[in-house]
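Architecture at a glance
The lines below spell out each chain.
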Amino acid sequence: MKIKNLPWIAIAIFAVIIGLYPLLYFFVDMRTSGLLQSKPKAVLNSACWNATFYTHITFGGIALLIGWAQFSANLRQRYINAHRLMGKFYVAAVTLSSVAGLYIAFFATGGLVCVLGFSSLAIIWLISNIKAYITIQRGNILQHQNWMTLNYALTFAAVTLRVFLPLLIMFIFHDFLPAYRVVSWLCWVPNLIVALIIINNRQKNVNTPLN
Ligand code: HEM
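These lines cover the structure that appears in this document, whether it is placed above or below. (Residues numbered from 1 in each chain as written. Predicted model: local features only at pLDDT ≥ 70, side-chain atom pairs only at ≥ 80, totals over all residues.)

Let's talk about the overall build of the protein
Using the following cut-off: Only DSSP runs of H or I reaching four residues or more are called helices, and only runs of E reaching two or more are called strands; each is numbered from the N terminus. Atoms counted for the radius of gyration: C-alpha only. Globule rule: 2.2 Å times residue count to the power 0.38. Here a residue counts as buried when 20 or more other C-beta atoms sit within 10 Å of its C-beta, as exposed when there are 12 or fewer, and as partly exposed otherwise, the C-beta atoms being derived from the backbone. Any residue pair is listed as a contact if its two C-beta atoms, each placed from the backbone, are within 7 Å.
Check the secondary structure of the protein and you find 11 helices and zero strands. Along the protein, helices (α) and strands (β) appear in the sequence α-α-α-α-α-α-α-α-α-α-α when read from the amino end. Since a compact globule built from 211 residues should have a radius of gyration of about 17 Å, the 18 Å found for the protein is in line with a globular shape. Here the C-alpha coordinates of the protein stretch approximately 50 × 35 × 35 Å along the principal axes. Relative to its full complement of 211 residues, the protein shows a buried share of 28%. Put simply, of all contacts in the protein between residues at least 6 apart along the chain, 67% involve residues at least 24 apart.

What follows is the structure, given as structure tokens:
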């Protein structure tokens, strides 16, 4: 195993663990623990909220599970058709999960701060997904790679949220709500910054603007 592959191995492990996490909602009664506990009855009984919530977590999980493997140059070179097929599944999964995520964001626990944090994330997630798709349809591989780097960094917010939230509760706030408000932004803004740094370094090497 090469040292330079270690970050990718860590990303893959986290992506698989959190990508499978939505399965709990299908096999365990989650109404008595976690997020659903904080929801008003009207939301929990709403058919529209339930449909969008389950769409969001199912396709978000799928996006997280398949996305990381798409970045392997080795796999791309060997199995380009599989990359194309998985890419289409990924784009479809992010489209469904982000639109559903935008809807449920308006009912987020924690009030306006969380509504704004999650809905901004959903919008940037959807736009970067569309951009990544359009650029590859036009044959622009570098721009496609850049938009997908940004997009998967945002998909990874599902992981960073679940890493930061217990840490914020344990070490700083000792309470769920203030930690949840902070994490609704902290789960994705640093990811976005890291993605922009990676893209900027890549751009410097080839010197073409991101469009
Ligand atoms: C990256 C863009 C994403 C946005 C904007 C987003 C948005 C949201 C929102 C608004 C909620 C409800 C929060 C509340 O009502 O307080 C939520 C919950 C949830 N999301 Fe996402 N999400 C994203 C990515 C993902 C991904 C990739 C997964 C895949 C695992 C995922 C899985 C879940 C799960 C399982 C819940 C239920 C809460 C929990 O059990 O922790 N989300 N998401």
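Points about the site of the ligand
Formally: Any residue whose backbone-placed C-beta atom lies within 6 Å of a molecule or strand is treated as near that molecule or strand.
Near the ligand, the surroundings consist of 27 residues, among which G60, T109, F118, A122 and A158 are the closest. Only α1 (6-20), α4 (47-67), α6 (80-105), α7 (112-137), α8 (141-155) and α9 (157-173) provide two or more residues apiece to the shell around the ligand. Ranked by the residues each element gives to the shell around the ligand, the list is headed by α4, at six residues.

Examining α4
Just so we agree on the cut-off: What a helix is expected to span follows from its residue count: subtract one and scale by 1.5 Å.
Between its first and last C-alpha, α4 extends 30 Å over 21 residues, near the 30 Å set by a 1.5 Å rise per residue. Of the residues making up α4, those classed as buried are T52, F53, H56, I57, F59, G60, G61, A63, L64 and G67. On its buried face, α4 is in contact with α1, α2 (24-27), α6, α8 and α9.

Thoughts on the nonpolar core
Defined as follows: To form a nonpolar core, buried Ala, Val, Leu, Ile, Met, Phe, Trp, Tyr and Cys residues must be joined through C-beta atoms within 7 Å.
L121, L154, F156 and A157 are the most contacted members of the largest nonpolar core, which has 39 residues in total. Those elements that provide at least two residues to this core are α1, α4, α6, α7, α8, α9 and α10 (176-186). Among the elements that take part in this core, α7 stands out by supplying seven residues, more than any other.

Description of α9
What counts, and what does not: The quantity called bend is, for any residue, the angle between two axes fitted respectively to the seven residues ending at it and the seven beginning at it.
The terminal C-alpha atoms of α9 lie 20 Å apart, and with 17 residues this falls more than 12% below the ideal 24 Å at 1.5 Å per residue. The largest bend along α9 reaches roughly 30° and is located at L167. Listed as buried for α9 are A157, A158, V159 and L168. Residues of α9 that are buried make contact with α1, α4, α7, α8, α10 and α11 (189-206). H174 lies just past α9 and shows a positive phi near 55°.

Focus on unusual backbone geometry
Although it is not a glycine, H174 adopts a positive phi angle of roughly 55°. Examined against the element boundaries, H174 turns out to sit in the loop between α9 and α10.

Let's talk about the packing of α6 against α7
Applied cut-off: Each axis is a line fitted through C-alpha atoms, and for a helix only the stretch in contact is used; angles between axes span 0 to 180 degrees, taken between their N-to-C directions. Throughout this description, any angle smaller than 35 degrees is read as roughly parallel, any larger than 145 degrees as roughly antiparallel, any in the 65 to 115 degree range as roughly perpendicular, and the remainder as oblique. A clockwise turn of the near helix away from the far one marks a right-handed crossing, whereas an anticlockwise turn of less than a right angle marks a left-handed crossing.
Axis separation between α6 and α7 bottoms out at 9 Å; the angle between their running directions is 160°. On the basis of their axis angle, the class for α6 and α7 is roughly antiparallel. For the crossing formed where α6 meets α7, the hand is left-handed. Across the interface between the two elements, V91, V94, T95, S98, V99, G101, L102 and A105 of α6 pack against V115, F118, S119, A122, I123, W125, L126, N129 and Y133 of α7.

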